[in-house]
Amino acid sequence: MATSASQDDTVSDFPKPYPVQSQGSRLATWLLRRAGWTVSFEGLPSLQGVLVVYPHTSNWDFIVLVLAKWSVGLQVSFWAKDSLFGIPLFGRWLRWVGGIPVKRHAAQGVVGQAVEVIRSKRAKNEYFWLGLSPEGTRRLTPGWRSGFYQTALRAGGTLGVFKIDFASKVVDARSFIA
């Protein structure tokens, strides 16, 4: 369901076409279209990186984004609070859709762990993208947390910005920064 806007207002440090392309799910595309949603996606510019998903202010964001990721065939892991993974069946399903449990207040350094995973994948030339909410919560916040930025910066990876626009029912997944 990769579509392109009539006016290309995306920001990207990478030449198009992007080298990492995928095949999506017709069922997910159909479900999104039935709900009035479109996804603007033209592929990924590299094998590894961090995707910032903004805004994340409701539980509906997750449903729309899982369907969007399936509709374009995107394999993306994401952080979720560890307590969600303790819920029977739901925790297993979260892992299946790409969830990685994190203790948000642990001193062990979630950012450092993510940086090592991305660096390891790059060294092996393997695919790995991590989707994160810059707010770190579903509540509307006055600013963003810096974990997503620190992860991308320290790993030396690509940073992508995926915007969710509920008013126009569009997920815009075309902006990337080196």
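Here, the structure is the one placed above.
The following refers to the structure shown. (Residues numbered from 1 in each chain as written. Predicted model: local features only at pLDDT ≥ 70, side-chain atom pairs only at ≥ 80, totals over all residues. Heavy atoms only, no water.)

## Quick word on the pairing of strand β4 (residues 99–102)
Where strand β3 (residues 77–81) lies against β4, 4 bridges are found, and the strand directions are parallel. Of the residues in β4, the one forming a bridge with F78 is G99. On the question of chirality, the crossover connecting β3 to the parallel β4 by way of helix α3 (residues 90–96) is right-handed. (Pairing = 2+ DSSP bridges. Helix = DSSP H or I, 4+ residues; strand = E, 2+ residues; numbered from the N terminus. Right-handed = clockwise from strand over helix to strand, strands pointing away.)

## Concerning the sheet that holds strand β6 (residues 158–165)
In spatial order, the strands read β1-β7-β6-β2-β5-β3-β4; together these 7 strands make up an open sheet with mixed pairing. Where the open sheet ends on each side, the last strands, each with one partner, are β1 (38–41) and β4. Here the average twist between neighbouring strands, direction ignored, is 25°. In terms of strand pairing, strand β2 (residues 48–54) meets strand β5 (residues 128–132) through 5 bridges, oriented parallel. Of the residues in β5, the one forming a bridge with L51 is G131. Packing against the sheet, helix α2 (residues 59–72) makes contact with β1, β2, β3, β6 and β7 (170–177), and its axis sits at approximately 55° to β1. (Axes fitted to C-alpha atoms, helices over the stretch in contact; angles between N-to-C directions. Contact = heavy atoms within 4.5 Å.)

## Re the packing of aromatic side chains
By the definition in use, this model includes 7 aromatic pairs. Seen in terms of ring centroids, F62 and W93 are 6.0 Å apart; in terms of plane orientation they differ by 75°. Their pairing is edge-to-face. With a gap of 31 residues between them, F62 in helix α2 and W93 in helix α3 connect regions that are remote in the sequence. Classification of W93 by relative accessible area gives partly exposed; the value is 34%. Feature note: the residues F62, F78, F90 and W93 constitute an aromatic cluster, connected by ring pairs. (Phe/Tyr/Trp six-rings, centres within 6.5 Å; stacked < 30°, edge-to-face > 60°. Buried < 20%, exposed > 50% of the residue type's maximum accessible area, 1.4 Å probe, protein only.)

## Here's the deal with a nonpolar patch on the surface
A cluster of nonpolar side chains, contributed by W70, I87, F90, W93 and W96, occupies part of the molecular surface with about 520 Å² of accessible area. For W96, the location among the structural elements is in helix α3. (Patch = residues over 30% accessible without salt bridge, like charges linked within 9 Å, V, L, I, M, F, W, Y side chains within 5 Å. Areas by Shrake-Rupley, 256 points an atom, 1.4 Å probe, with all protein chains shown as cover. Salt bridge = Lys/Arg side-chain N within 4 Å of Asp/Glu carboxyl O.)

## Quick word on the pattern of salt bridges
The tally for this structure, following the rule as stated, stands at 4 salt bridges. In this structure, D172 and R174 form a salt bridge, with 2.9 Å as the shortest nitrogen-oxygen distance. Here the two residues D172 and R174 agree in accessibility, since each one is buried. A single salt-bridge network, built from bridges that share partners, covers K163, D172 and R174.

## A look at the packing of helix α4 (residues 110–123) against helix α5 (residues 147–155)
Interaxial distance between α4 and α5 falls to 9 Å at its minimum, and their mutual angle equals 35°. Viewed along their axes, α4 and α5 form a crossing whose handedness is right-handed. Residues V111, G112, A114, V115, I118, R119 and R122 of α4 touch α5, and the partners they reach there are G147, Q150, T151, R154 and A155. Grouping the constituent residues of the contact of α4 with α5 by class yields 5 nonpolar, 4 polar and 3 charged. (Left-handed = near helix turned anticlockwise from the far one by under 90°. Nonpolar A, V, L, I, M, F, W, Y, C, P; charged D, E, K, R; others polar.)

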